[in-house]
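Breakdown of the fold
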Amino acid sequence: MQTSYKHSQQVLRQLILNLSFIVLLCNTSCKQDDISPEETNAENLQFTKIVDLSKFAAAEAISISPNGKYLLFSYKGSIGATSYFFSSDGGESVEEIEPDADNLFINTNISNTGEFFAQASANGYGYAITDSGVKVRFSDYYSRFEKEVNGQYEDTGIEIHVDPFYFAGASGEKLGFFDYKNLIIGEYDASTNTFTEREVPDLNLHKIGPVGGQYEGKIKIAYSEGYFAFAKSQGVLIISPDNSVQYYLYPESGASYLNTTDLRLFGGYAYVNLNGKAYEAHGDAELKELDLAYPVVRTGNSLIGSGFIDGGERYESGIIRETDGKQEYLPLSFQEAYFLKVQVIRDKVYIGNKVYDQNTKTYSQSPIGEIIGIYHDENQTNAYTTTGMYSSTDGENWTERSSELFAPALVSKDANGLYHALDVFSHTYRSPSDGTVTYLFDQVGYTSSDGFAWEELSGSRRTDKPGLAPNVMTGDGLVFYKDTYLDISYQSVTTGYMSDDYGLNYEKIEDGSVHENFVLPTLKTSDDRLISAYFETTGELVFNICDSPAGDCSRTVTFTNIDQPESLYTIEDYMSMSDEDELVVSTYTGIYLSKPIK
């Protein structure tokens, strides 16, 4: 039996890890007083996975068959290329497909047999498919409907009396056309091979905004089950099969010709996209905002869209089915959501603007927004966030201490109880001559008697300072940063700088002025021991911890029990320290927590 090289590495690494544990256990039982700091670190740097990667699904377009069996999702996200996922079991599972859609989102009708046109028009023709699977094409220069028979389109002999430009969609066995300039509605019935048209005498398009000019391009029309919908700058209207008309005005925040970006219709229910928010128009009720992201489709009494369920098992987004106000995720995953730097406080994990409960394994909206800076005080945690400043004794219940949107990245407290903060902002400059990128940062220092009311520290303001922004500040004023540049021979040179007065003044770190194992820290413990931690390409964790730059330092290089550690050599910025001085590592396989660093 053959074994892959990667698997062999994993087995070897696990054997080394087990042997390390045996040695440590022996040393613990036999020579407790002789354990070195390096051995203690190696034991403490074994991890527990506290958060698995979260499934993720979202869509820029959703299409559904009338029987609800077939769904097509178009998802682009941030990667540039559109991916397409097709379900043939009502959304219980999907497979990725590659339709000829030219990287565009697919909004189309799907037959009850799962067939669809990826593009509604091509080569001058418009294409549609009925619920039973009859394929029809039409054009403005060949003014008759054609049906596909045995792979070939044949003339039906039925003329199109409405400009095909006004095609609004297919539903049942019919194709609908709405000439809103002449207020004429047309329907082609593929089952009877007939075309009928009618006027809508009571229709007043001006009730929902101006017509023509700059507004023309934002007009949307749709057809479903004999209903027609028309949306433009200030609202949407629905025309019923009996020619009655219902008008719905947008809220003031959405009443702009730039915002009506899409319209879907399912019988007498219309759904419009206003700035990414989904609104429903139906019956005599006013336009209603939905708790789902657009797009939204309807099947029976259920809506299907995407979004986040507070208290659910996903971090970012999933495909949601909503029935009678109750939401649940469909078991679909287009990819996995990765985590960046997080904050662990007791049994809560703060990830962006969400909080994960380790006990219930669910995600909720963070009650304090996204944590930018954090300080673990003696009896409480102070959080500096995107919504204000807060304190908590348990990491779950928070007290707002200030609504001021001041969120410094670095906070510490000196021996006299005075709080210090350093607000930093990283940016880059690219040379127009040779494209060389220079890393810069701005900083401003502050002081506070309570950690929430801050005053600027005179002389601390710096702008466009070359280097990578500091990410450690101790209670006695130590701040560090490094500057990396290319010398005249294009060799990379890194220089470290240190301040002992909270960032007022920096001095270059000279050789011999610090311990031989000192490395510029990226983290610190609650008692201000300085930590540098990073993974080698081999998967080993290099862990340096120092009492001070020139004080006692220990260096530990060890394999850990984190999955796929060889892929983590760029993960340094995704580490943090918990309120219990545990090392937190966000990886490509989940979030891990070490034992307390002693």
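Before reading on, note that the structure itself is shown above.
Each residue is numbered by its place in its chain's sequence as written, counting from 1. Confidence filtering applies because this is a predicted model: local features only for residues at pLDDT of at least 70, side-chain atom pairs given and counted only at 80 or more, and all residues used for totals across whole chains, interfaces and linings. Hydrogens and water are ignored here; the side-chain numbers use all heavy atoms of the structure.

**Side note on the overall build of the protein**
Each helix and strand in the protein was counted, giving two helices and 50 strands. In terms of C-alpha radius of gyration, the protein reaches 31 Å, well past the compact-globule figure of 25 Å for 598 residues. For the C-alpha atoms alone, the extent of the protein along its principal axes is close to 95 × 70 × 55 Å. A 1.4 Å probe rolled over the protein chains alone gives each residue an accessible area, and that area as a share of the maximum for its type sets the label: buried under 20%, exposed over 50%, partly exposed in between. Burial status across the protein gives 50% buried among its 598 residues. For the protein, restricting intrachain contacts to residue pairs at least 6 apart in sequence, the fraction spanning at least 24 positions comes to 45%. A run of H or I in DSSP becomes a helix once it reaches four residues, and a run of E becomes a strand once it reaches two; helices and strands are each numbered from the N terminus. Radius of gyration: over C-alpha atoms. The globule rule applied is 2.2 Å multiplied by the number of residues raised to the 0.38 power. Should any heavy atoms of two residues lie within 4.5 Å, those residues are considered in contact.

**Considering the pairing of strand β13 (residues 174–179)**
Judged by how many residues are buried, β13 sits mostly within the fold: five of six residues are covered. In short, DSSP must find at least two bridges between two strands for them to pair. One ladder, built from four bridges, connects strand β12 (residues 167–171) with β13; its direction is antiparallel. By the bridge assignment, S171 is partnered in β13 with K174. Joining the antiparallel neighbours β12 and β13 is a turn of two residues, in which G172 adopts a positive phi near 60°. When β13 meets strand β14 (residues 184–189), the two strands line up antiparallel, connected through six bridges. Pairing of L175 across the sheet is with Y188, part of β14. The antiparallel pairing of β13 with β14 creates a hairpin that spans four residues between the two strands, and L183 there sits at a positive phi of about 55°.

**As for the state of the cysteines**
Disulfide: a pair of cysteine sulfur atoms within 2.5 Å of each other. Tallied over the full model, the rule gives one disulfide. Residue pairing for C546: its cysteine sulfur links by disulfide to C553, the two sulfurs lying 2.0 Å apart. Linking C546 and C553, the disulfide has an S-S dihedral of approximately 120° and is accordingly described as right-handed. Taking relative accessible area as the criterion, C546 reaches 2% and is therefore assigned buried. Its relative accessible area of 13% is what places C553 among the buried residues.

**Re the sheet that holds strand β28 (residues 343–345)**
In a beta sheet, neighbouring strands are held together by backbone hydrogen bonds and run either parallel or antiparallel to one another. One open sheet holds the four strands; their spatial order is β28-β29-β30-β31, and the pairing between them is antiparallel. Since the sheet does not close on itself, it has two edges, and those belong to β28 and β31 (362–365), each with one partner. Neighbouring strand axes in the sheet, compared pairwise and without regard to direction, differ in orientation by 25° on average. Here an axis means a line fitted to C-alpha atoms, over the contact stretch when the element is a helix, while the angle between two N-to-C directions is reported on a 0 to 180 degree scale.

**Brief notes about the pattern of salt bridges**
The term salt bridge refers to a pairing of a side-chain nitrogen on Lys or Arg with a carboxyl oxygen on Asp or Glu at a separation within 4 Å. Tallied over the entire structure, the rule returns 18 salt bridges. Notably, a salt bridge pairs K413 with E378, separated by 2.9 Å at the nearest N-O pair. Highlighted residues: K413 in strand β36 (residues 410–413) and E378 in the loop between β32 (371–376) and β33 (381–385), separated in sequence by 35 residues. What makes K413 buried here is its relative accessible area of 18%. Classification of E378 by relative accessible area gives exposed; the value is 60%. A salt bridge links K524 to D528; its shortest N-O distance comes to 3.0 Å. Residue K524 is classed as buried on the basis of its relative accessible area of 19%.

**Digging into unusual backbone geometry**
Cis peptide bonds are those with omega within 30 degrees of zero, and the linkage from Y294 to P295 qualifies with 10°. Relative to the helices and strands, P295 is located in strand β23 (residues 288–299). The phi torsion at N103 lies on the positive side, around 65°, for a residue other than glycine. Within the element layout of this structure, N103 appears in the loop between β6 (95–97) and β7 (121–122). A positive phi is found at R346, a non-glycine position, where the angle reads about 55°.

**Structural notes on the environment of P241**
Position of P241 relative to the elements: it lies in the loop between β18 (235–239) and β19 (245–249). A relative accessible area of 44% places P241 in the partly exposed class.

**Observations concerning the nonpolar core**
For this analysis, a nonpolar core means a set of buried residues of the types Ala, Val, Leu, Ile, Met, Phe, Trp, Tyr and Cys, connected via side-chain atoms within 4.5 Å. Within the largest apolar cluster, 43 residues are counted, with the highest numbers of intra-cluster contacts made by F73, F339, V349, I351 and I591. Those elements that provide at least two residues to this core are β1 (47–52), β3 (61–64), β4 (71–75), β23, β24 (302–307), β25 (318–323), β29 (348–351) and β50 (590–596). Looking at which element gives the most residues to this core, the answer is β23, with five residues. Among residues more than four places away in sequence, those in contact with V349 are I50, V51, V342, Q343, V344, K354, V355, Y356, Q358 and I591. If you look at the next biggest cluster of nonpolar residues, it comprises 30 residues, including A170, Y180, I185 and V200.

**Describing the pairing of strand β8 (residues 125–129)**
Successive residues of a regular strand alternate their side chains across the two faces of the sheet. Across the five residues of β8, five count as buried, placing the element largely inside the fold. Along β8, one buried face is formed by Y125, Y127 and I129 and the opposite face, lined by G126 and A128, is buried too. Count of turn residues in the β7/β8 antiparallel hairpin: two residues, of which N123 carries a positive phi of about 55°. Connecting the antiparallel pair β8 and strand β9 (residues 135–138) is a turn made up of five residues, with G133 showing a positive phi of about 105°.

**Describing the packing of aromatic side chains**
Stacked, tilted and edge-to-face are the three classes applied to pairs of Phe, Tyr and Trp rings, where Trp contributes its six-membered ring and a pair requires centres within 6.5 Å; stacked means planes under 30 degrees apart, edge-to-face means over 60, and tilted covers the rest. Evaluation of the coordinates by the stated rule reveals 39 aromatic pairs. Relative to Y127, the ring of F117 has its centre 5.2 Å away and its plane inclined at 45°; by these criteria the two rings are tilted. Linking F117 in the loop between β6 and β7 with Y127 in strand β8, this pair joins segments that are 10 residues apart in sequence. Assigned by exposure class, F117 and Y127 land together as buried.

**Overview of a nonpolar patch on the surface**
A contiguous nonpolar patch, built from V437, Y439 and L468 and spanning about 240 Å² of accessible area, is present on the exposed surface. Positionally, V437 belongs in strand β38 (residues 437–448). Each patch is assembled from residues with relative accessible area greater than 30% and no salt bridge, linking like charges that lie within 9 Å and nonpolar side chains (Val, Leu, Ile, Met, Phe, Trp, Tyr) that lie within 5 Å. Under the convention used here, a 1.4 Å probe and the Shrake-Rupley method define accessible areas, while residue burial counts only the protein chains that appear.

**A look at the side chain of D501**
Along the chain, the position of D501 falls in the loop between β42 (492–499) and β43 (507–508). Positive residues here are Lys and Arg, negative ones are Asp and Glu, while His and the chain termini are left out of the count. No salt bridge is formed by the buried D501; the nearest opposite charge belongs to R462, separated by 7.3 Å. Side-chain atoms alone can form a polar contact between residues adjacent in sequence; in general such a contact is a pair of N or O atoms within 3.5 Å, and within protein one must be able to donate a hydrogen while the other accepts it. A polar contact of 3.2 Å, which involves the side chain of D501, links it to the backbone nitrogen of L504.

**Comments concerning the environment of S88**
The residue S88 is located in the loop between β5 (83–87) and β6 in this model. Each C-alpha atom of the pair S88 and G114 lies 7.3 Å from the other, and the pair is 26 residues apart in sequence. Those residues within four positions of S88 in sequence are excluded, and the remaining contacts are K69 and Y70.

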